[in-house]
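Understanding the architecture of this molecule
If you want the building blocks of each chain, they are given just below.
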Amino acid sequence: MNTAVPSSSDGKKDAGPRQPKKGSLRPSHWPFIIPALVVVGGVIVFPWIFTLWMSVNGWQIGVEQHFVGLTNYQRLLTDARFIDSMGRTLSYTALSVIAPLFLGTLAALIFNTKLPGRGILRGIFVMPMMATPVAIALVWTMMFHPQLGILNYLLSLVGIGPQEWVFHPATVIPSLVLVETWQWTPLVMLIVLGGLASLPAEPYESASLDGASGWQKFRFITFPMIIPFLLIATMIRTIDALKSFDIIYAITQGGPGTASETINLYLYSVAFTYYDVGYGSAIAVVFFILIIALSLLLIYLRQRTSWLLGDA
Amino acid sequence: MAAVQIADVRKTFGTTHVIRGVDVDIEDGEFVILVGPSGCGKSTLLRMIAGLESITSGEIRIGNRVVNDVPPKDRDIAMVFQNYALYPHMNVADNMAFSLKLKNAPKSEIETRINRAATILGLTELLDRYPRQLSGGQRQRVAMGRAIVRDPQVFLFDEPLSNLDAKLRVSMRAEIKDLHQRLKTTTVYVTHDQIEAMTMAEKIVVMHDGIVEQIGAPLELYDHPANLFVACFIGSPSMNVLKGRVELGEFITAGGVRLPLEKTPPSALGKPAVYGVRPEHLKLSADGVPGKVLVIEPTGSETQVVVEVDGQPITCLLRERVAIQRGDTISVRADPALVHLFDAETGKRLTD
């Protein structure tokens, strides 16, 4: 795209229109991007460099700040609480990506049929997405209550004994994933539903003639064609689940013990409870690298499945 | 291969009658084209043969079997769609193999059939490409390849060339015709383009408003259109028509211009009628009807001249190059033996 106009600094009268090189920027254009550069520099680049700087410093309350090199990073390698929280983060993320993805796709397939009253049902279905995390946490904490919660009552109806949900180390992660799934399945549903709506009708007619059954149409046509959308949903969900903080903090504060302490919660404790800002920054840097690496992997996969980006 | 019989088929969507009683007999191995303006029901009829639309009433037979309630996959037909309907996530070979894989055909057979189809269509080099990496013409060939590998009883084509540019359309036309001559599979082809219909079909079915206007060989429709609709629809540029009445040995237009007739159909005598003459049947002649030249369009091989006769524009197609200019007055004359007469009320051809 060429948006440059001949500027007066040329001084020459050209016989024909000149095509400036793609991406070239003349000095006269600089003033226009300075505001954007200032904002990006101030709110993104500077905090990042500052975090990196803090992570190579001893930076605690009451102690004078001093350069420590990679000491903070070395400490991470032997910090069992960090390594545990890393494992918890990954399992929490994996579960809270897979469950909404599966249920959301299923819901999208259902809402994509000519279901009576589907407009209203769809509206109700997406409501959890709009609720605020603290309100969700309050409601679910009440529902999780071993004696008073509705979940154990519902289980009792089908003959299953009471569970301790978020109050037991073994069940706390799956219980939190349940909340995450409840809240974010609608988002996946919306993305996949958009994908389904964009699929061309002809390949299905063609498949009917080719002899495909309903399941075969899904398996060989629908599913491969919505993979790009599933990957987008996976990407959004992965980043969201990795960063998840509010709901976990509001329901369990990382407990019982440290059974639900993900990197984010550990980072919070280190930086704002123990005031070890330098070490906390090192955790943040490692965490950031993890998120970037996973995102790049997903972007790569997304590009590999770019058949829908072509005009075929 | 099989014959296809369509007997008194009707289709309604709610209160809209899309097909209003159509009868067509398609012989085994025949190339039939359904042609008509947009909304005439030709595509709906094709989709009913395919089983993609239900049949409100009537009967469709493929071979000896009534297929009204047979699902598309069991009708043993293959269809080529206007938008090709290729599977975007499969390469050319997989696109063609899909139907065979669903039938659990042995691998060696799938390969043989794909290679055969690819050779016929010149796709051998493209087998591992994806649809988005192909040009429109190549995609259309893949769509045909997908139909060929199935070795069906009937090929159905739904405006397959509409998305191609003009030049490619001409070459694909020849390719499809050639393909039919080699494979001899019964083919039903839908188009709105009467040139496609004229050049490719063995038999043309002209449809209009959900009914069949005329069925016949291309030149039969051209030379003896059964009614005014077919007369005007078939042929490009289309037939010139003048309103007036028939008298003994001549036709008198509304404006009083007298045009000679070779024969006077006795039943038409004195009645209001429509006089039709094809542009190429008009010649420059000193004893013709004078008219003012409105437009001159030379194409090189011929010259199209629009002349105002009796207040109406009349198109003449002249083989010779003529030195005339806009605004000149020239005299044109129709060969009386090649004139068509139609009933002014019903539009039906007045036979002699």
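This is a predicted model, so every value here is computed, not measured. (Residues numbered from 1 in each chain as written. Chains lettered and ligands numbered in written order. Predicted model: local features only at pLDDT ≥ 70, side-chain atom pairs only at ≥ 80, totals over all residues. Heavy atoms only, no water.)

Topic: the packing of aromatic side chains
Let me state the cut-off plainly: Aromatic rings from Phe, Tyr and Trp, taking only the six-membered ring of Trp, are treated as a pair when their centres fall within 6.5 Å; an angle between ring planes under 30 degrees marks them as stacked, one over 60 as edge-to-face, and anything in between as tilted. Working definition: helices are DSSP H or I runs of at least four residues, strands are E runs of at least two. Numbering for both runs from the N terminus. Accessibility here uses a 1.4 Å probe with only protein chains present; expressed as a share of the type maximum, an area under 20% marks a residue as buried, one over 50% as exposed, and anything in between as partly exposed. A ring has a charge above it when a Lys NZ or an Arg CZ is no more than 6 Å from the ring centre and no more than 35 degrees off the ring normal.
For the structure shown, the criterion picks out 21 aromatic pairs over all chains. Ring centres of A:Phe245 and A:Tyr268 lie 5.3 Å apart, and the angle between their planes is 55 degrees; on these two criteria the pair is classed as tilted. Residue A:Phe245 is located in the loop between helix 10 (214–243) and helix 11 (246–251), and its partner A:Tyr268 is located in helix 12 (residues 263–273); the two are separated by 23 residues in the primary sequence. You can call A:Phe245 partly exposed: its relative accessible area is 23%. By the ring-pair criterion, three or more aromatic residues cluster together here, those being A:Trp140, A:Phe144, A:Trp165 and A:Trp182. Between the NZ or CZ atom of B:Arg146 and the centre of the ring of B:Tyr87, over which it lies, the distance is 4.9 Å.

A look at the packing of helix 3 (residues 80–111) of chain A against helix 10 of chain A
Residues and elements named next belong to chain A. Using the following cut-off: The convention used is that axes are lines fitted to C-alpha atoms, helices contributing only their stretch in contact, and that angles between N-to-C directions extend from 0 to 180 degrees. Throughout this description, any angle smaller than 35 degrees is read as roughly parallel, any larger than 145 degrees as roughly antiparallel, any in the 65 to 115 degree range as roughly perpendicular, and the remainder as oblique. Note on convention: the crossing is left-handed when the near helix lies turned anticlockwise from the far helix by less than a right angle, right-handed when the turn is clockwise. Any two residues whose heavy atoms approach within 4.5 Å are treated as being in contact. Residue polarity is assigned by list, with Asp, Glu, Lys and Arg as charged and Ala, Val, Leu, Ile, Met, Phe, Trp, Tyr, Cys and Pro as nonpolar; anything else, Gly included, falls into the polar class.
Orientation of helix 3 relative to helix 10, taken along the N-to-C sense of each, is 140 degrees, at an axis distance of 9 Å. By the criterion of interaxial angle, the relationship of helix 3 to helix 10 is oblique. Between helix 3 and helix 10 lies a crossing of right-handed hand. Counted together, Thr-89, Tyr-92, Thr-93, Ser-96, Val-97, Pro-100, Leu-101, Thr-105 and Leu-109 of helix 3 and Phe-218, Thr-222, Ile-226, Leu-230, Ala-233, Thr-234, Arg-237, Thr-238, Ala-241 and Leu-242 of helix 10 form the full contact between these two elements. Residues that form the contact of helix 3 with helix 10 fall into these classes: 11 nonpolar, 7 polar and 1 charged.

Details of the interface of chain A and chain B
Counted only if it meets this: The term salt bridge refers to a side-chain nitrogen of Lys or Arg lying within 4 Å of a carboxyl oxygen of Asp or Glu. Pairs of N or O atoms are called polar contacts if they sit within 3.5 Å, as long as, within protein, a hydrogen donor faces a hydrogen acceptor (for residues adjacent in sequence, only side-chain-to-side-chain pairs).
Contact residues are listed per partner, giving 20 residues for chain A and 23 residues for chain B. Between the two partners, chain A and chain B, sit 2 salt bridges. Between A:Asp210 and B:Arg150 there is a salt bridge, with its nearest N and O atoms 3.2 Å apart. Linking chain A with chain B are 9 residue pairs in polar contact (both at pLDDT 80 or more), by the criterion used here. When contributions to the side of chain A that touches chain B are tallied by element, the ones reaching two or more residues are helix 9 (202–210) and helix 10 of chain A. When residues of the side of chain A that touches chain B are assigned to their parent elements, the largest contribution, 8 residues, is made by helix 9 of chain A. Broken down by class, the residue content of the side of chain A that touches chain B amounts to 10 nonpolar, 6 polar and 4 charged.

Here's the deal with the pairing of strand 16 (residues 303–309) of chain B
Residue and element names in this part refer to chain B. Going by this rule: At least two DSSP bridges between two strands are needed for those strands to be called paired.
Of all 7 residues that make up strand 16, 6 are buried, and the element is covered over most of its length. Two elements, strand 15 (residues 282–298) and strand 16, share 6 bridges in a ladder whose sense is antiparallel. Each bridged residue has a counterpart across the sheet, and for Glu-297 the counterpart in strand 16 is Gln-304. Joining the antiparallel neighbours strand 15 and strand 16 is a turn of 4 residues, in which Gly-300 adopts a positive phi near 105 degrees.

Describing the pattern of salt bridges
Following the criterion strictly, the structure yields 20 salt bridges over all chains and no others. With its nearest N and O atoms 3.3 Å apart, the salt bridge here joins B:Glu53 to B:Arg47. A salt bridge links B:Arg182 to B:Asp178, with the shortest nitrogen-to-oxygen separation between them at 3.3 Å. One end of the pair is B:Arg182 and the other is B:Asp178, both in helix 5 (residues 166–183) and 4 residues apart, which spans about a single turn. One connected set of salt bridges, linked through shared partners, spans A:Glu205, B:Lys11, B:Arg47 and B:Glu53.

As for the sheet that holds strand 1 (residues 4–13) of chain B
Residue and element names in this part refer to chain B. Taking strand neighbours across the sheet as the criterion, the 4 strands line up as 2-1-4-5 in an open arrangement whose pairing is antiparallel. With one partner strand each, in any of the chains shown, strand 2 (16–26) and strand 5 (65–66) form the two edges of the open sheet. Taken together, the 8 bridges between strand 1 and strand 2 define a ladder with antiparallel strand orientation. Within strand 2, the position partnered with Thr-12 by the bridge is His-17.

Section: the pairing of strand 10 (residues 211–216) of chain B
Summarising the sheet, strand 9 (residues 203–208) of chain B and strand 10 of chain B pair through 5 bridges and their orientation is antiparallel. Across the sheet, residue B:Val205 finds its bridge partner in strand 10 of chain B, namely B:Ile215.

Topic: the sheet that holds strand 17 (residues 312–318) of chain B
Each strand in a sheet pairs with its neighbour through backbone hydrogen bonds, running either in the same direction (parallel) or in the opposite one (antiparallel). Residue and element names in this part refer to chain B. The antiparallel open sheet is built from 4 strands, whose spatial order is 17-16-15-18. Either end of the sheet is taken by a strand with one partner, and the two such strands are strand 17 and strand 18 (329–334). Shown here is a sheet whose adjacent strand axes are inclined to one another by a mean of 55 degrees, direction ignored. Where strand 16 meets strand 17, 7 bridges bridge the pair, whose relative direction is antiparallel. By the bridge assignment, Val-309 is partnered in strand 17 with Gln-312.

Observations regarding the side chain of B:Glu213
Residues and elements named next belong to chain B. Relative to the helices and strands, Glu-213 resides in strand 10. Within the local environment of Glu-213, its side chain forms a polar contact with the side chain of His-208, the two groups lying 3.1 Å apart. Each residue touching Glu-213, except ones within four places of it in the same chain, is listed here: Val-206, Met-207, His-208, Ala-226, Asn-227, Phe-229 and Val-230.

A short note on the environment of B:Arg132
Inspection of the secondary structure puts B:Arg132 in the loop between helix 3 (107–121) and helix 4 (136–149). The spacing of B:Arg132 and B:Arg20 is 112 residues in sequence and 40 Å in space, taken between C-alpha atoms.

The values are spatial; any link to function lies outside them.
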